[in-house]
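Spelled out from the first residue to the last, the chains are:
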Protein chains: 2
Amino acid sequence: MLSFLRHGAACTLVLAASLPAVPALAQSAEEEAALRSAAESGRDASIKRIQDWIALPSIAAEDLNMQEGVEYMATLAREAGFDEVEIVPTSGHPGVFATMDNGADRTLAVYFMYDVKQFDPAEWSSPPLEGAIVEKEGFGRAIMGRGAVNQKGPEATFLAALHAFKEAGITPPVNLVLIAEGEEEIGSPNFGDMTAVPHIQTALKEAEGIFIPASWQDRSGAVDVNLGSKGVVELELISDGANWGPGPKTDIHSSLKAAVESPAWRLVHALETLVEDGGNTPAIEGWYENVRPLTEHEKDLIREGAALVDPEEQKETLGITRWIDDLPYDEAMIRLAQEPTVNIEGLVSGYTGPGGKTILPGRAVAKIDLRLVPNQTREEAERKMRAHLDANGFEDIEIEVSGGYDPTETAEDSLMIRAEMATYERLGIPYALNPRLAGSWPGAMFTDPPLSLPAGHFGIGHGSGAHAPDEYYVVESTNPNVAGLVDATMGYAHLLYAVAEAE
Amino acid sequence: MLSFLRHGAACTLVLAASLPAVPALAQSAEEEAALRSAAESGRDASIKRIQDWIALPSIAAEDLNMQEGVEYMATLAREAGFDEVEIVPTSGHPGVFATMDNGADRTLAVYFMYDVKQFDPAEWSSPPLEGAIVEKEGFGRAIMGRGAVNQKGPEATFLAALHAFKEAGITPPVNLVLIAEGEEEIGSPNFGDMTAVPHIQTALKEAEGIFIPASWQDRSGAVDVNLGSKGVVELELISDGANWGPGPKTDIHSSLKAAVESPAWRLVHALETLVEDGGNTPAIEGWYENVRPLTEHEKDLIREGAALVDPEEQKETLGITRWIDDLPYDEAMIRLAQEPTVNIEGLVSGYTGPGGKTILPGRAVAKIDLRLVPNQTREEAERKMRAHLDANGFEDIEIEVSGGYDPTETAEDSLMIRAEMATYERLGIPYALNPRLAGSWPGAMFTDPPLSLPAGHFGIGHGSGAHAPDEYYVVESTNPNVAGLVDATMGYAHLLYAVAEAE
């Protein structure tokens with residue numbers, strides 16, 4: 001469910017010259033050398049760990065291997081050195097909570113998902129549960145399998161860093177808290193059950209921040225440092241003659257239109273009230289009430305990033321000839337980050353095959369996603385959508401919400417973000433400071449009260465194909481800009497030092 | 001393609017007391033007895049004729065058995081006594097033109113189709129090409145097969161009447177012209193090629209009128225006498241980013257909506273301009289320019305018919321609780337006949353499966369049917385739709401027309417209609433005089449210039465299931481109100497006398 005927009009258009013690549021970074025990391029050269037040596041000698045075991053995990057797919061939507069998956073997750077945590085590991089029941093599928101007390105001053109939290117997206121083996125060039133090693137041109141040798149990059153590969157690489165600490169006999173410089181769920185791919189509907197458990201909530205609140213391991217270096221080696229993302233609500237608007245006074249309850253012959261009302265026309269009218277400006281601006285009552293405009297600093301960050309991108313290439317990639325209102329590229333990128341949207345994902349009514357069929361459909365559905373910006377909330381959006389439809393006389397139009405998240409923000413000067421930036425700088429990784437992803441991820445579950453934790457993504461290395469066939473995760477890089485498994489492992493080790501030593 | 005609305009709601013059952021009918025038929029009792037005797041002795045041959053014809057399905061859309069079918073049609077005509085029979089090439093599949101000169105003063109034309117709708121044998125309870133005899137409760141024994149009622153059964157029954165004349169040694173009282181096409185089920189795209197052939201056009205213009213044999217008696221034995229029908233244009237309105245300036249050319253990630261325009265929203269806006277009054281009234285410029293309001297007489301006919309129907313039962317059948325504008329039933333039936341419509345048959349865009357998918361679709365399609373009333377034309381409707389979209393700035397919205405017919409009208413006092421009514425009266429068949437079907441049929445190909453012929457449907461007997469599995473045609477009726485094969489055969493014989501003897 002990490003419906004996470006990561007492409008050049010949303011990626012603002014900036015030099016971090018003006019930003020407050022932590023000082024150079026203070027672990028000794030000997031420690032670093034010992035950790036690297038341990039990471040190298042543990043490399044084959046790490047690859048096998050990823051492959052074994054891929055061989056056990058847990059899919060919440062299909063109730064597949066959920067108990068086996070959560071137990072496996074707990075075992076992985078124990079083996080990596082977590083000293084307290086518990087399986088936590090929820091109203092849905094259970095999760096894992098684990099802690100590693102290293103006697104440090106600071107604590108870092110990490111978020112895992114042990115579930116994966118569904119897959120159809122027929123669509124894969126290599127069996128999706130086999131985790132075979134394949135060549136990926138321009139990147140190197142990669143594990144191919146369901147969950148390779150989303151998120152077992154990156155997560156297991158973080159665990160590999162902990163194994164390296166153990167192997168090298170070095171105590172990690174921060175305490176660790178791990179929270180892992182098995183329902184990320186169905187929208188984390190019961191994750192709140194876990195974070196509401198008092199001792200879990202207490203432990204998480206002690207952390208400086210929380211991150212999900214990720215491996216999204218592009219060919220140039222660049223990564224994003226995300227400071228937040230839009231929220232999203234996915235819903236269906238349903239106009240059904242069975243609910244509406246006039247009917248009809250089913251499809252009837254189209255010639256009757258002259259005497260019978262049409263639920264499909266009703267849906268069109270209802271949709272038309274939701275937007276203005278050609279569909280580009282929400283017109284739902286009160287929609288902008290809580291919208292916080294981007295600050296000038298945030299806009300500057302976006303403009304700086306936009307200056308590094310070829311706008312024509314962006315338009316070509318997207319198959320467009322202009323941005324909304326013919327905006328120049330930097331202003332379009334500001335609009336992308338700033339504006340809430342009402343988007344039509346799909347329309348379905350009546351006859352959808354080739355040619356025509358003379359029916360008056362009894363039902364029409366619009367699949368909608370609402371992108372929300374701070375400080376809108378999902379609850380607010382759902383409430384205002386209902387109120388808007390009611391106020392416009394569309395009480396019969398059903399709203400069926402299938403999922404969503406609040407928008408999320410993490411302060412640029414939070415220790416979590418500063419530690420991420422410092423790590424990338426130390427490693428010479430170019431990074432993009434992105435004020436706000438136009439896509440959405442469930443970061444608000446951490447950044448919202450009661451946890452109110454800085455939250456982000458961290459990691460180097462590369463993989464791709466989340467939710468798609470032939471998902472892969474690079475373990476042996478042939479691209480000098482991109483980390484292989486050992487370098488990615490060391491990236492996590494460096495992050496722990498950066499968190500420990502940030503001023 | 002006879003998208004012909006025939007249900008109680010559109011069926012106005014009236015007594016014809018006030019209408020000018022032809023006098024009692026003048027053929028002698030001896031002639032009638034001889035014809036009936038011949039029809040009875042030819043009954044088994046007639047059944048076999050229908051079964052053999054069903055065994056040879058001609059399907060224009062699949063280019064299946066078209067040459068075989070047209071030759072079979074020509075043979076059927078020859079065997080029934082047509083003395084000049086020719087196969088007529090068209091730009092598509094060929095048709096048959098045949099004449100029978102009986103030395104009579106008047107000529108009657110008959111329209112046949114030799115093609116049938118596609119079928120899937122898996123959906124049938126009896127093999128669709130076998131023409132097996134089955135029991136149909138409430139009606140009797142019936143032939144089941146593709147084309148049984150649409151239109152091979154009724155057409156072969158008309159031919160059976162001509163065989164009966166031959167067998168009885170009686171010369172039919174009118175000259176006959178037969179025109180048969182093989183592309184009715186794909187919308188008769190090349191039928192005009194046939195009627196444009198000079199000697200065919202001349203022969204048709206000499207006829208008093210033209211009819212298609214039909215067998216639509218209901219359980220009470222009632223039939224319709226249709227005086228016309230609405231026209232129809234079926235089309236798709238396509239909003240495609242590949243044609244529209246801004247794009248996008250394909251589906252892109254939905255989070256981009258804040259910077260990229262949406263072809264789906266564009267379609268919604270374009271649709272919204274087409275109608276007013278909740279979708280119930282076309283708002284296309286000039287749409288009503290040529291609309292002829294129903295006359296008071298036509299409205300009276302509809303009111304008389306409406307008085308005989310239970311409005312609550314009609315609403316229940318259609319799954320509605322009220323008619324447009326809360327009209328009373330008779331006014332709703334007048335609106336049904338009077339008003340042109342813009343109906344949404346289907347909507348298709350983006351993701352149409354269960355739940356949601358975060359895309360901004362590159363394309364959106366509305367499947368539309370436009371019902372036209374006299375004196376609108378299909379050409380006018382297509383032209384005005386294009387002009388309307390252009391005038392509203394939707395030049396990029398494509399219109400893809402898949403088919404259509406002009407509206408059609410036949411005068412109530414035409415000899416063709418008077419002969420139909422006289423025949424039904426003589427046979428004691430209750431009939432419904434329907435000023436205008438809300439559905440559509442290609443009658444305009446006859447009633448429009450250059451032919452300008454009265455055109456209608458005639459026949460007794462019963463069948464059902466056109467275009468559906470288990471299509472059937474009753475050959476041995478157990479319902480005293482409904483004609484079996486011999487009575488239906490005699491119905492056509494009576495019609496010929498009624499045409500010959502009308503004043």
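Sequence order sets the numbering: in each chain, residues are counted from 1 along the sequence as written. As a convention, the first chain written is A and the first ligand written is 1, with the rest following in written order. Where totals are concerned, whole chains, interfaces and linings use all residues; where local detail is concerned, this predicted model gives features only for residues with pLDDT of at least 70, and gives and counts side-chain atom pairs only at 80 or more. Hydrogens are left out, water is left out, and the side-chain values use all remaining heavy atoms of the structure.

The name given to chain A in an unreviewed UniProt entry is Twin-arginine translocation pathway signal protein, with the source organism recorded as Pacificimonas flava.

For the rest of this paragraph, the subject is the UniProt feature "domain: Peptidase M20 dimerisation" (unreviewed entry) in chain A. UniProt positions are given in the numbering used here, feature names are shortened, and annotations may be inferred rather than shown by experiment. The UniProt feature table records "domain: Peptidase M20 dimerisation" (unreviewed entry) at residues 250-393 of chain A. Between the C-alpha atoms that bound residues 250-393 of chain A the distance is 22 Å, and the span itself is 38% helix and 19% strand. Under the DSSP-based scheme used, a helix requires at least four consecutive residues in state H or I and a strand at least two consecutive residues in state E, with every element numbered from the N terminus.

Turning our eyes to something else, we now look at the pairing of strand β6 (residues 175-181) of chain B. Residues and elements named next belong to chain B. Only protein chains enter the accessibility calculation, which uses a 1.4 Å probe. A residue is then buried if its area is under 20% of the maximum for its type, exposed if over 50%, and partly exposed in between. The buried fraction of β6 is high, at 7 of 7 residues. Residues Asn175, Val177, Ile179 and Glu181 point to one face of β6 and Leu176, Leu178 and Ala180 to the other, with burial holding for every one of them. Pairing between two strands is assigned when DSSP locates at least 2 bridges connecting them. Where strand β2 (residues 95-100) and β6 come together, 5 bridges link them in antiparallel fashion. Across the sheet, residue Phe97 finds its bridge partner in β6, namely Ile179. Note that strand β3 (residues 107-113) and β6 share 7 bridges and pair parallel. Opposite Phe112, over in β6, you have Ala180 as the bridge partner.

Often, the extent of an interface is quoted as the loss of accessible area on bringing the components together. Contacts are residue-level and defined by heavy atoms, with any inter-residue pair within 4.5 Å sufficient. Contact with chain B, which involves 71 residues of that partner, is made by 71 residues of chain A. As a working definition, buried area equals the accessible area (1.4 Å probe) given up by two parts on being put together, with both sides summed. Carbon and sulfur atoms supply 59% of the area buried between chain B and chain A, which totals about 5,900 Å² over both sides. The three residues of chain B that bury the most area against chain A are B:Ala258, B:Trp265 and B:Leu347, which together make up 12% of that side's buried surface. Salt bridges, as used here, are contacts in which a Lys or Arg side-chain nitrogen is within 4 Å of a carboxyl oxygen on Asp or Glu. B:Glu261 is the salt-bridge partner of A:Arg322, the closest N and O atoms lying 3.7 Å from each other. Here a polar contact is taken to be a pair of N or O atoms separated by no more than 3.5 Å, where protein atoms must pair a possible hydrogen donor with a possible acceptor and residues adjacent in sequence count only if both atoms sit in side chains. Inspection of the chain B/chain A interface yields 40 residue pairs in polar contact (both at pLDDT 80 or more). Only β10 (231-240), β11 (252-253), α7 (263-274), α10 (329-338), β14 (341-350), β15 (359-360) and β16 (363-372) of chain B provide two or more residues apiece to the side of chain B that touches chain A. Here the residues of the side of chain B that touches chain A sort into 30 nonpolar, 25 polar and 16 charged. Pairing analysis gives 5 bridges linking strand β14 (residues 341-350) of chain A to β14(B), with the strands arranged antiparallel. The residue bridging A:Gly350 from the neighbouring strand is B:Gly346, located in β14(B). We call Asp, Glu, Lys and Arg charged. Ala, Val, Leu, Ile, Met, Phe, Trp, Tyr, Cys and Pro are nonpolar, and the rest, Gly among them, are polar.

All names here are of chain A. The strand order across the open sheet built from 4 strands is β4-β5-β22-β21, with neighbouring strands paired in antiparallel fashion. The sheet terminates laterally at β4 (132-136) and β21 (463-464), the two strands that pair on one side only. Note: β4 against strand β5 (residues 140-144), 5 bridges, orientation antiparallel. Counterpart to Ala132 in the pairing with β5 is Met144. Along the sheet, helix α4 (residues 148-168) contacts β5, β21 and β22 (472-477); its crossing angle with β22, the most-contacted strand, is approximately 40°. Angles shown run from 0 to 180 degrees and are taken between the N-to-C directions of axes, each axis being a line fitted to C-alpha atoms and, for helices, limited to the stretch in contact.

Let us look at the domain arrangement of chain A. Residues and elements named next belong to chain A. What marks off one domain from the next here is an automatic or database domain assignment. The domains assigned to chain A are domain 1 (8-229 + 408-501) and domain 2 (231-291 + 340-405). In this structure, domain 1 and domain 2 have C-alpha centres spaced 38 Å apart. Listed as interface residues are 10 residues of domain 1 and, on the opposing side, 7 residues of domain 2. Together domain 1 and domain 2 conceal approximately 670 Å² of surface at their shared face, both sides included; 55% is due to carbon and sulfur atoms. If you look at where domain 1 meets domain 2, you find 0 salt bridges. Summed over the shared surface of domain 1 and domain 2, the number is 2 residue pairs in polar contact (both at pLDDT 80 or more).

Let us now look at unusual backbone geometry. The peptide bond linking B:Gly247 to B:Pro248 adopts the cis configuration, its omega dihedral lying at -5°. Tracing the backbone through its elements, the reader meets B:Pro248 in the loop between β10 and β11. Here A:Asn65, not a glycine, exhibits a phi torsion of approximately 55°, which is positive. Along the chain, A:Asn65 turns up in the loop between α2 (43-54) and α3 (66-79).

Further remarks concern the relation of the copies chain B and chain A. The copies are overlaid by a least-squares fit using only the C-alpha atoms of residues whose pLDDT is at least 70 in both copies. When chain B is fitted to chain A, the best match, at an RMSD of 0.2 Å, comes from turning it 180° and sliding it 0.2 Å along the axis. Seen this way, the second copy is the image of the first under a two-fold rotation axis. Interface overlap between copies: 100% of the residues of chain B at the interface are likewise at the interface in chain A, consistent with a symmetric, same-surface contact.

Okay, the side chain of A:Arg292 next. Residues and elements named next belong to chain A. Of note, Arg292 is situated in the loop between β13 (281-282) and α8 (296-306). Only 3.1 Å separates the side chain of Arg292 from the side chain of Glu298, close enough to count as a polar contact. Excluding anything up to four places from it in sequence, Arg292 contacts Glu298, Gln338, Pro374, Asn375, Glu409 and Arg436.

Residue and element names in this part refer to chain B. Secondary-structure assignment places Leu415 in helix α12 (residues 415-427). Residues Leu415 and Glu208, 207 residues apart in the sequence, show an inter-C-alpha distance of 6.7 Å. Dropping the residues within four chain positions of it, Leu415 is found in contact with Arg106, Glu208, Val499 and Ala502.

This brings us to the sheet that holds strand β1 (residues 84-88) of chain A. Residue and element names in this part refer to chain A. Strand order in the open sheet formed by 6 strands is β1-β2-β6-β3-β7-β20, and the pairing between neighbours is mixed. Of all the strands in the sheet, just β1 and β20 (455-458) have a single pairing partner and so form its edges. If you compare each strand with its neighbour and ignore which way they point, the axes differ by 20° on average. Against the sheet, α3 makes contact with β1, β2 (95-100), β3 (107-113) and β6 (175-181), and its axis sits at roughly 170° relative to β1, the strand it touches most.

The next point concerns helix α12 (residues 415-427) of chain A. Residues and elements named next belong to chain A. Here α12 is 13 residues long and its end C-alpha atoms lie 18 Å apart, about the 18 Å a rise of 1.5 Å per residue gives. Taken across its 13 residues, α12 has 10 buried, putting it largely inside the fold. For α12, the complete set of buried residues consists of Leu415, Met416, Ile417, Arg418, Ala419, Glu420, Met421, Ala422, Thr423 and Tyr424. Buried residues belonging to α12 abut β3, β7 (210-213), β8 (223-226), β19 (431-434), β20 and α14 (485-501). Following α12 by one or two positions, Gly428 has its phi on the positive side, about 70°. Here a helix's expected span is defined as the number of its residues, less one, multiplied by 1.5 Å.

Further remarks concern a negative patch on the surface. Each patch is assembled from residues with relative accessible area greater than 30% and no salt bridge, linking like charges that lie within 9 Å and nonpolar side chains (Val, Leu, Ile, Met, Phe, Trp, Tyr) that lie within 5 Å. Each accessible area is a Shrake-Rupley result for a 1.4 Å probe, and residues are judged covered by the shown protein chains and nothing else. Charged residues are defined narrowly, with Lys and Arg counted positive, Asp and Glu counted negative, and His plus the chain ends left uncounted. Positions of charges follow a simple convention, taking NZ of Lys, CZ of Arg, CG of Asp or CD of Glu. Taken together, the side chains of A:Glu276, A:Asp277, A:Asp325 and A:Asp326 present a region of like negative charge at the surface. Among the secondary structure elements, A:Glu276 is positioned in strand β12 (residues 275-276).

Before going further, it helps to examine helix α8 (residues 296-306) of chain B. Residue and element names in this part refer to chain B. By the burial criterion, the buried members of α8 are Glu298, Leu301, Ile302, Gly305 and Ala306. End-on view of α8: buried residues confined to an arc of 135°, all on one side of the axis. Residues of α8 that are buried sit in contact with α10, β18 (408-409) and β19 (431-434). Regarding the arc, it is the one traced by the directions from the helix axis to the C-beta atoms.

Quick look at the packing of aromatic side chains now. Residue and element names in this part refer to chain A. Think of it this way: a Phe, Tyr or Trp ring, Trp meaning its six-membered ring, pairs with another when their centres are within 6.5 Å, and the plane angle makes it stacked under 30 degrees, edge-to-face over 60, tilted otherwise. Applying the stated criterion across every chain yields a total of 26 aromatic pairs over all chains. Taking 5.0 Å as the distance between ring centres and 25° as the angle between the ring planes, the aromatic pair formed by Tyr424 and Phe458 counts as stacked. With Tyr424 in helix α12 and Phe458 in strand β20, this pair connects stretches of sequence that are 34 residues apart. One exposure class covers both Tyr424 and Phe458, and it is buried. Grouped by ring-pair contacts, the aromatic residues Phe112, Phe158, Phe211, Tyr424, Tyr431, Phe458 and Tyr492 constitute a single cluster.

So, on to the pattern of salt bridges. All names here are of chain A. For the structure on display, the rule yields 51 salt bridges over all chains. Note that Glu476 and Arg43 form a salt bridge whose closest N and O atoms lie 3.4 Å from each other. Of the two residues, Glu476 is situated in strand β22 and Arg43 in helix α2; the sequence distance between them amounts to 433 residues. Residue class for Arg43 comes out partly exposed when judged on its relative accessible area of 21%. With a closest N to O distance of 3.9 Å, Arg436 and Glu409 form a salt bridge. With Arg436 in the loop between β19 and α13 (444-447) and Glu409 in strand β18 (residues 408-409), the pair connects residues that are 27 residues apart, well separated along the chain. Take Arg436: its relative accessible area is 3%, and that puts it in the buried class. The partly exposed category is assigned to Glu409, whose relative accessible area is 33%. Residues participating in the shared-partner salt-bridge network are Arg43, Asp44, Glu135, Arg141 and Glu476.

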